[in-house]
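A structural walkthrough
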Amino acid sequence: MNKKILVSYSLFFFVIASFQAEAQEYFYTDYKPFDSKIPSPEEFLGYPIGDYHTRHDLVVAYLEKLASLSDRVSIIEYGRTHEQRKLVMAIISNKSNHDRLEEIKRAHLEVVDPGKSVSSFNNLPLIINLGYNVHGNEPSSTEAAMLTAYTLAASSHPIVDEILSETVVFLDPTINPDGRDRHTQWVNSFRGQPFISDKYDIEHNEGWPFGRTNHYWFDLNRDLLLAVHPESKAKLKWFHEWYPNVVTDFHEMGTNSTYFFEPKNKSASMLPITPMENYTTLNNLFAEQFAADLDKIGSLYFTAEIFDSNYPGYGSTYGDLQGSLALLFEQASARGHLQETPTGEISFAFAIRNQFVTSFSTLKAAVKHKNTLYDYQGRFFNEAMDKASKSKIKAYVFGDSYDENRNKAFLELLLTHQVKVYKNTNDLTIDKKTFAKDMSFVVPVKQKQYYMVQSLFETFEKYRDSVYYDTSAWSLINAFNLPYASTTKMPDFGGEITNESLVKKKRTLQKAGYAYLVDYADYNAPAYLYHLLEKGVVVKTSSKPFKMDVDGKFISFGRGTLMVSVQDQIINGDDLHAILSKGSDLFDLLVVPVQTGMTIDGNGLGSGSLKTLEKPKVVLLVGDGVSSYEAGEVWHLMEQRLKIPLVKMDVADFGKANLDKYNSLIMVSGSYSNFTSKEAEKLKTWVEAGNTLISTRTANNWIISNKLVEESLVEKKKDSADDKRVDYGSSEAFIGAKNIGGAIFEVDLDITHPIGYGYTSRKLPVYKNNKVWLSPGKNIFSTVARYSEDSHIDGFIAPENLELMSKSASIIVSKVGGGRVVMFADNPNFRGIWYGTNKLFSNALMFGSIIQTPQ
Ligand SMILES: [Zn+2]
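The rules behind each value
Residues numbered from 1 in each chain as written. Predicted model: local features only at pLDDT ≥ 70, side-chain atom pairs only at ≥ 80, totals over all residues. Heavy atoms only, no water. 1 Å grid on protein atoms, 1.4 Å probe; cavity = no way out; pocket = protein on both sides within 12 Å on 5 of 7 lines; lining within 4 Å. Points joined across faces, edges and corners; volume = space filled by probe spheres on them. Helix = DSSP H or I, 4+ residues; strand = E, 2+ residues; numbered from the N terminus. Donors = N, O, S within 2.8 Å, 3.2 Å for Na, K, Ca; no water. Buried < 20%, exposed > 50% of the residue type's maximum accessible area, 1.4 Å probe, protein only. Phe/Tyr/Trp six-rings, centres within 6.5 Å; stacked < 30°, edge-to-face > 60°. Lys NZ or Arg CZ within 6 Å of the ring centre and 35° of its normal. Pairing = 2+ DSSP bridges. Axes fitted to C-alpha atoms, helices over the stretch in contact; angles between N-to-C directions. Contact = heavy atoms within 4.5 Å. Salt bridge = Lys/Arg side-chain N within 4 Å of Asp/Glu carboxyl O. pLDDT = per-residue confidence, 0-100. Parallel < 35°, antiparallel > 145°, perpendicular 65-115°, else oblique. Left-handed = near helix turned anticlockwise from the far one by under 90°. Nonpolar A, V, L, I, M, F, W, Y, C, P; charged D, E, K, R; others polar. Expected span 1.5 Å × (residues − 1). Arc of directions from axis to C-beta.

Regions of empty space are outlined by a rolling probe, equal in size to a water molecule, passed over the atoms. Approximately 1300 Å³ is the volume attributed to the largest pocket. Along the wall of the largest pocket there are 40 residues; nearest its centre are K233, A409, E412, L413 and T416. Of all the secondary structure elements, the ones that give two or more residues to the lining of the largest pocket are α9 (230-242), α14 (404-416) and α19 (628-642). Per element, the largest residue contribution to the lining of the largest pocket is 7 residues, and it comes from α14.

Shown next, in the form of structure tokens:
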């Protein structure tokens, strides 16, 4: 190397090095000096933090690097996402804490054990879960997570020493890696050089389906109560292993905003069951530190104005029901690397710095108030038990006598939240509801997870506020449509339900000489049906109930029962038996072999009331203007529950697509604004040819206004209240109260209609979070579900909306030529947890072809 090259080469490194120093200076002024053997994120990645969005695999690689170099850091993989990305946490503490981690865990778990009383916390570090980036396109916090990990690993500042000694930090850099990488790919691809701050640049306007959500387009910041997805399941498992004292949940909000930290809005803030002390004492102690640290760097912020803790499935609320202090942060988003705002430009680096600063504020405040946090956590579950003792309700009993798999799904959810549940040992009747001893369960209220019991079973009549950021109803027992009752007398109960006891039994299916029957009441029956159709089995369904004598035992079969006749098939009896047997095992479903076609009170298995079913070939419209949440819920249901392949067709391709390949088309809420009368005509012609169109929520508005059906919406009559004068300053509360943020209502379901097959009761809870008011069907047989007279079950609704509801239908099926449109005013698939209503949706797919509304 000649001298000239050497000089310029050194100069090059000098420039890079000084640039890095400067970049680091922006973030780390407070925590110098740093161990030079530990690479900063900039050194590891090869670019200054804020210059690019860092891919999740590189974030993981950086934490692995820290773990390999520092005895303060180790790393665990706590799960995998749908797209197989690693869910990791860096465990960060000093060496001596690392060496006794198991002992710390044991001692910490004694604090949250209501049977134990721990009074000294001197030797016990706090457990802190720094959680980042649950919304994938709110990316600043993951970059801040790397800065935080680096500072904790490399700084020898006394503050850092104290944090490392008094806490064990579980740093989760990316709660939603699939969503983050979707967004990261977008902004890095369109990144300008120099940065382009124009808000109309494509970099700042991410395309459908956006990076906020996970693989199936679900909001993971709603899933922590529902535990539908692997990300939440894995996090909850970790949560109940460690019961952190403090949990953080970092977000971003509108570009023109500033910075938000807790406390949240007081009037709407709390779940009725969260202890007030969490809000009044703990939040304020931490807020002092956030304010002081943000003051120092001059960042604007606000607090207590908006956001609520009204839903137990938020990352910043779940912990509040588990003795933690769970904290929400919201940073104005740069949505890209640099963006213009009315008050200048906001850079990605600026957003990252705020999140980094409050990460450290959290750690500092926690250390300062360690005894308060431990004292609070130590009392938390004891106080929950005390409240439970004072409750008039002693237990909840629940269970569906006909549906083992729906019972099982709810039991799994209870176990995920560590709720104790036992077998019911006697036949019981409570509030005129009967609970069969082998198909029902008892949840005593006096248990450590009393607050979760309340969350899952109780409905609330009083609401602190009428304006909700999200849902106002979360009694999940209703989402599962499970019969349940509270009781003031503790019933006898038997063995505890455990995950081991829920493992499915091996089923043996005897070979039938004549036919096989499957009652349709079980949740997995539609999935089983598809399994058979997909394998080429000819399946009929019965439109009438009947009874059979099977080996001397009378067995009842309801409407929708599947009948597979040995004679009907092209495949031989052995192959047929193998397919049925495998499905029975796979979907944990009882299949009854019969040797005769003679029914007891019916007309024989050859009766015309048994109709041959078609295999659904399904297409879902997705893309610009379509609700990605609802589309994702359909996608998830089809793949994960029904095991049905789904074509997701971009609305932009609809015009050129040949629809003859499909017999079922799904339209979820959306504007369908690029659809002209030509598209409407194409769709109508396809339905008329004998196919099934299924629509949910606002898609019905498009279908009605484009005259695909001869149905209508309920018109709101103008009344004198509409002319009343309201103060400008009260607009938010006034408008908010008119919305339906999300509440639960009862409908009367026609269980003789194919859409209602498999349901054993006409009363069904549905979830409503919209104002789509469908008029009852023009044909008297076409209103499948109508809101009950006294329909309210749980959640907030304004009286004027109840009035409209009383005139409306929840589901109608409209005949169009030889086909039909199944219209759901509400969302039967809400957040993947509405097991009670998503079977209606499954039925629309499985039984659509046999619906011929009588004229
Ligand atoms: Zn967010």
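Within the first shell, the zinc ion binds the protein through H135 (ND1), E138 (OE), E138 (OE) and H251 (ND1), at distances of 2.0 to 2.6 Å. The sequence pattern formed by the donor residues of the zinc ion is H-x2-E-x112-H. In this structure H135 comes out as buried when scored by relative accessible area, which is 3%. Assessed through its relative accessible area of 3%, E138 is described here as buried.

Scanning the entire structure with this criterion turns up 56 aromatic pairs. Relative to Y318, the ring of F239 has its centre 5.5 Å away and its plane inclined at 85°; by these criteria the two rings are edge-to-face. Within this pair, whereas F239 is found in helix α9, its partner Y318 is found in the loop between β7 (302-303) and β8 (325-332), the two being separated by 79 residues in sequence. Each member of the pair F239 and Y318 is classed as buried. With a centroid separation of 5.8 Å and an interplanar angle of 85°, the aromatic rings of F410 and F457 are classed as edge-to-face. One end of the pair, F410, is in helix α14; the other, F457, is in helix α15 (residues 450-457), and 47 residues separate them in sequence. Comparing F410 with F457 shows no difference in burial state: the two are buried. The residue whose ring lies beneath K448 is Y243, and the NZ or CZ to ring-centre distance is 4.2 Å.

It is worth spelling out the sheet that holds strand β16 (residues 484-487) at this point. The strand order across the open sheet built from 5 strands is β16-β11-β15-β12-β17, with neighbouring strands paired in antiparallel fashion. With partners counted over all chains shown, the strands left at the sheet margins are β16 and β17 (493-496), one partner each. Each adjacent strand pair in this sheet contributes to an overall mean axis angle of 30°, direction not counted. Contacts from α15 reach β11 (395-398), β15 (441-444) and β16 within the one sheet, and its direction differs from that of β11 by about 45°.

Glancing now at the pairing of strand β4 (residues 167-172). Most of β4 sits out of view: 6 of its 6 residues are buried. Residues T167, V169 and L171 line one face of β4 and the alternating positions V168, F170 and D172 line the opposite face, and both faces are buried. Here strand β2 (residues 86-92) pairs with β4 via 3 bridges, running antiparallel. The partner of I91 across the bridge, within β4, is F170. Note that strand β3 (residues 126-132) and β4 share 6 bridges and pair parallel. Following the sheet pairing, L130 is matched in β4 by L171.

Before going further, it helps to spend a moment on the pattern of salt bridges. This model, assessed by the stated rule, comprises 38 salt bridges. Linking K86 and E64 is a salt bridge whose minimum nitrogen-to-oxygen distance equals 3.6 Å. A residue pair is termed long-range when its members are at least 10 positions apart, and K86 in strand β2 and E64 in helix α3 (residues 56-69) qualify at 22 residues. Taking the relative accessible area as the measure of exposure, E64 reaches 36% and is therefore partly exposed. A salt bridge links D219 to R212, with the shortest nitrogen-to-oxygen separation between them at 3.0 Å. Residue D219 is classed as buried on the basis of its relative accessible area, which comes to 8%. Here the residues in one salt-bridge network are E83, R85, D178 and D181, joined through shared partners.

Before going further, it helps to spend a moment on the confidence of the model for the protein chain. For the protein chain, per-residue confidence averages 92 on the pLDDT scale, and residues scoring 70 or more make up 93% of the total. Here residues 1-19 is a poorly scored stretch, pLDDT under 50, and it has 2 contacts once near neighbours within four places are set aside; other chains count.

Moving on, we come to the packing of helix α11 (residues 276-297) against helix α12 (residues 348-368). It is the contact of α11 with α12, at a shortest axis distance of 9 Å, that shows an interaxial angle of 140°. With respect to their mutual orientation, α11 and α12 come out oblique. Considering how the two elements wind past one another, α11 and α12 form a crossing that is right-handed. Counting all contacts with α11, which are made through F286, Q289, F290, D293, L294 and I297, the residues of α12 involved are R353, N354, V357, T358, S361, T362, K364, A365, A366 and K368. Looking at the contact of α11 with α12 residue by residue, the class counts come to 7 nonpolar, 5 polar and 4 charged.

Turning to empty space enclosed by the protein, a few remarks are in order. For the structure on display, the rule yields 5 cavities of 30 Å³ or more. Computed from the structure, the largest cavity encloses a volume of approximately 190 Å³. Along the walls of the largest cavity sit 17 residues, with I175, L224, K235, D249 and G315 positioned nearest its centre. Where the lining of the largest cavity is concerned, the elements lending two or more residues are β3, α9 and β5 (246-253). In terms of residue count, α9 provides more of the lining of the largest cavity than any other element does, 4 residues in total. A breakdown of the residues in the lining of the largest cavity according to their chemical character gives 7 nonpolar, 7 polar and 3 charged.

On to helix α20 (residues 677-688). Relative to the 16 Å expected for 12 residues at 1.5 Å per residue, α20 spans 16 Å between its end C-alpha atoms, a close match to the ideal helical length. Those residues of α20 that fall on the buried side of the exposure criterion are E679, A680, L683, W686 and V687. The buried residues of α20 occupy an angular sector of 130° when projected down its axis, which confines them to one face. Those residues of α20 that are exposed and angled more than 90 degrees off the buried face are S677 and K678.

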